[in-house]
Amino acid sequence: RFKEVEPNMKALAADAADPAVAARANAFLIYVASQSGGDPRKTLADLKELILKATDPEVLAGAWLFTGHAHAAVNEPLLAATAYLRVPVFYPERQLPLAGARLGAARALIALEKPLAAVPILKDLVAQQAATPEGAEGKKLLAQVQKDITGAAASPTTEESTGK
């Protein structure tokens, strides 16, 4: 279906008199390209350009969310977490990207072996966006992280178990 609207979105992005409309059209084009197997490095470059030009908070929140996704796709969890965490800090009123940003940040922190830092983010996600798909996924992830943390705390270290 995207192929049907792509020419119109490109024209809108190029010809819109309102910069906010052009930014939203560009954001849509970048999002669709990133979701259809596009090169994450190109997506990151396109998003950087969009972020530098955009002023609409909705566009910026979405752009930072997609930036987090792109960094995660190229196995850059620290950069992904940084991008994801910009959404709740700078755009907390933007509910649509907020849930995805919280879940992405938690996953990135877990990938960085910082599960304790992910717990409060997951708790916020579950408390504030429980009805979203990200909220449901966050609830499962929170339970797993808490189980892992509890299990790690209860397991004796090798030194303790061998007496060395």
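The sections below set out a description of the structure shown in this document. (Residues numbered from 1 in each chain as written. Predicted model: local features only at pLDDT ≥ 70, side-chain atom pairs only at ≥ 80, totals over all residues. Heavy atoms only, no water.)

1. Section: the pattern of salt bridges
Using the following cut-off: Whenever a carboxyl oxygen of Asp or Glu lies within 4 Å of a side-chain nitrogen of Lys or Arg, that contact is scored as a salt bridge. Working definition: helices are DSSP H or I runs of at least four residues, strands are E runs of at least two. Numbering for both runs from the N terminus. With a 1.4 Å probe rolled over the protein chains alone, any residue whose accessible area is under 20% of its type maximum counts as buried; one over 50% counts as exposed, and the rest are partly exposed.
Tallied over the entire structure, the rule returns 7 salt bridges. One salt bridge in this structure joins Lys42 and Asp46, with 2.9 Å as the shortest N-O distance. Of this pair, Lys42 and Asp46 both sit in helix 3 (residues 40-53), separated by 4 residues, roughly a single helical turn. Judged by relative accessible area, Asp46 falls into the partly exposed class, the value being 25%. With a shortest N-O distance of 3.1 Å, Glu49 and Lys53 are connected by a salt bridge. Taken as a pair, Glu49 and Lys53 lie in helix 3 at a separation of 4 residues, close to a single helical turn. Beyond isolated ion pairs, a larger network of salt bridges with shared partners links Glu58, Glu93 and Arg94.

2. Description of the packing of aromatic side chains
Inclusion rule: Pairs were defined over the aromatic rings of Phe, Tyr and Trp, the Trp ring being its six-membered one, requiring ring centres within 6.5 Å. Orientation was assigned from the angle between planes: stacked under 30 degrees, edge-to-face over 60, tilted for the rest. We count a charge as sitting over a ring when the NZ of a lysine or the CZ of an arginine lies within 6 Å of the ring centre and within 35 degrees of the ring normal.
Enumeration over the complete set of coordinates arrives at 1 aromatic pair. It is Arg86 that lies over the ring of Trp64; its NZ or CZ is 4.1 Å from the centre.

3. Brief notes about helix 7 (residues 115-128)
The condition is simple: For a helix, the expected span equals 1.5 Å multiplied by the residue count minus one. Any two residues whose heavy atoms approach within 4.5 Å at even a single point are treated as in contact.
With 14 residues, helix 7 ought to run about 20 Å at 1.5 Å a step, and its terminal C-alpha atoms sit 20 Å apart, in line with that. Burial in helix 7 covers these residues: Ala118, Val119, Ile121, Leu122 and Leu125. If you follow the buried residues of helix 7, they end up packed against helix 5 (77-90), helix 6 (95-111) and helix 8 (133-154).

4. Focus on the nonpolar core
Nonpolar side chains tend to gather and get buried jointly when the protein is soluble and globular. The cut-off we apply is this: The definition of a nonpolar core used throughout is a set of buried Ala, Val, Leu, Ile, Met, Phe, Trp, Tyr and Cys residues joined through side-chain atoms within 4.5 Å.
The biggest cluster of nonpolar side chains holds 36 residues, and the ones touching the most others in it are Leu47, Leu50, Val59, Trp64, Tyr84, Val87 and Leu122. Contributing elements (two or more residues each) for this core: helix 2 (19-35), helix 3, helix 4 (57-73), helix 5, helix 6, helix 7 and helix 8. Looking at this core, the element that brings in the most residues is helix 6, giving 8 residues.

5. With respect to the packing of helix 5 against helix 6
The condition is simple: A fitted line through C-alpha atoms serves as each axis, taken over the contacting stretch for helices, and the angle formed by two N-to-C directions is quoted from 0 to 180°. Any angle that is under 35 degrees is reported as roughly parallel, and any over 145 degrees as roughly antiparallel; angles of 65 to 115 degrees are reported as roughly perpendicular and all others as oblique. If you view the pair so one helix is near and one far, a crossing is left-handed when the near helix is turned anticlockwise from the far one by less than a right angle, and right-handed when it is turned clockwise.
Running from N to C, helix 5 and helix 6 point in directions that differ by 150 degrees, and their axes come no closer than 8 Å. By the criterion of interaxial angle, the relationship of helix 5 to helix 6 is roughly antiparallel. By crossing handedness, the relation of helix 5 to helix 6 is classed as left-handed. In this structure, helix 5 uses Pro77, Ala80, Ala81, Tyr84, Leu85, Val87 and Pro88 to contact helix 6, whose residues at the interface are Pro97, Leu98, Gly100, Ala101, Arg102, Gly104, Ala105, Ala108 and Ala111.

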